Amino acid sequence: MNPDGESSGGIIAQTLRDEILSGRRVGGERLVEESIAKAFGVSRVPVREALAQLQAEGFVTIVRYRGATVSTTLHKENKELLEVRHGLEVLAAQLAAKNRGGPVVDELTAVVDLARAQSPTSETAPPFHDLVAIAAGNDQLREMLAGVNRRVAWGLGHDPGASVHDHAALAAAILNGSPVQAGFLMDEHLRRDETNAPGEA
């Protein structure tokens, strides 16, 4: 493997992430920059970028003068972050319903229409959970959700078929101005994601 250019750091991060999640690299194991660079045929620069990214995601712990090791608290931290995300997403759905979709009424309507027509979602459409956060109309909540989602995206399960149905039902509840129903549906949707998450089954 010999990644080159700006994508090197991302490729290395993805590979190491997969190895950690699969158990091929265990908690406390040292991640030696020189060895990783040699394995990928790159300089240490993209390796450092990859390790910094993995540290931000909670996979790696970096201690000055001691280097990087695989996090020993990864799954505990991920469980806690999923709990935080769950509460924030439910709140966002409730606020979005109070606003009846706010500035993204058309986009949420399209989610419902596409599901009814059994058509694929446009690749250019914003992710559904981003639409809900925008519809909530709370910038602080949206910023907090974005931060949490960046850290837990790797740990979420995903069933495309169920997601289309869930998203359509949620969008309808939001557009109908039903906070209680929207909160309930978001709760159920997130429970399915979390049940299918790696290591959470």
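Our subject is the structure listed above.
Residues numbered from 1 in each chain as written. Predicted model: local features only at pLDDT ≥ 70, side-chain atom pairs only at ≥ 80, totals over all residues. Heavy atoms only, no water.

(A) Representation of the nonpolar core. Grouped together as the largest cluster of nonpolar side chains are 29 residues, with contacts concentrated most on Leu108, Phe128, Val132, Ile174 and Met186. Of all the secondary structure elements, the ones that give two or more residues to this core are helix H4 (74-98), helix H5 (105-116), helix H6 (128-136), helix H7 (139-152), helix H8 (160-175) and helix H9 (179-195). When residues in this core are grouped by element, the largest group, 8 residues, is from H4. With residues near it in sequence (within four places) discarded, Leu108 still touches Gly101, Phe128, Leu131, Ala135, Ala171, Ile174 and Leu175. By size, the runner-up hydrophobic cluster in this structure holds 18 residues, among which are Ile20, Val42, Val47 and Leu51. (Core = buried A, V, L, I, M, F, W, Y, C linked by side-chain atoms within 4.5 Å. Buried < 20%, exposed > 50% of the residue type's maximum accessible area, 1.4 Å probe, protein only. Helix = DSSP H or I, 4+ residues; strand = E, 2+ residues; numbered from the N terminus. Contact = heavy atoms within 4.5 Å.)

(B) Highlighting H4. For H4, with 25 residues, the first-to-last C-alpha span of 36 Å sits near the 36 Å given by 1.5 Å per residue. Among the residues trailing H4, Arg100 stands out with phi positive, at a value near 50°. (Expected span 1.5 Å × (residues − 1).)

(C) Geometry of the pairing of strand E2 (residues 60-63). Bridge count between E2 and strand E3 (residues 67-70): 4 bridges; the pairing is antiparallel. When the bridges of E3 are listed, Val63 appears paired with Gly67. A loop of 3 residues connects E2 with E3, the two strands running antiparallel in sequence, and Tyr65 in this loop sits at a positive phi of about 75°. (Pairing = 2+ DSSP bridges.)

(D) The arrangement of the packing of H4 against H7 in detail. As a packed pair, H4 and H7 sit with axes 10 Å apart at the nearest point and diverge in direction by 145°. For the pair H4 and H7, the crossing hand works out as left-handed. Here Asn78, Leu81, Leu82, Val84, Arg85, Leu88, Glu89, Leu91, Ala92 and Leu95 of H4 come into contact with H7, specifically with Leu141, Met144, Leu145, Val148, Asn149, Arg151 and Val152. Considered class by class, the residues forming the contact of H4 with H7 number 12 nonpolar, 2 polar and 3 charged. (Axes fitted to C-alpha atoms, helices over the stretch in contact; angles between N-to-C directions. Left-handed = near helix turned anticlockwise from the far one by under 90°. Nonpolar A, V, L, I, M, F, W, Y, C, P; charged D, E, K, R; others polar.)

(E) Region of interest: the environment of Leu175. Structurally, Leu175 is set in helix H8. On a C-alpha basis, the gap between Leu175 and Leu108 in space is 7.5 Å, while along the polypeptide they are 67 residues apart. Dropping the residues within four chain positions of it, Leu175 is found in contact with Arg100, Val105, Leu108, Thr109 and Val112.

(F) Local environment of the pattern of salt bridges. Applying the stated rule across the entire model yields 10 salt bridges. In this structure, the salt-bridge partner of Lys76 is Glu80, at a minimum N-O distance of 2.6 Å. Residue Lys76 and its partner Glu80 are both found in helix H4; the two are separated by 4 residues, about one turn of the helix. Assessed through its relative accessible area of 39%, Glu80 is described here as partly exposed. The salt bridge partner of Asp187 is Arg191, with a shortest N-O separation of 2.9 Å. Taken together, the positions of Asp187 and Arg191, both in helix H9 and 4 residues apart, correspond to about one turn of that helix. By relative accessible area, which is 16% here, Asp187 ends up buried. Among the ionic contacts, a cluster of salt bridges with common partners joins Glu19, Arg25 and Glu29. (Salt bridge = Lys/Arg side-chain N within 4 Å of Asp/Glu carboxyl O.)

Structural measurements only, silent on function.
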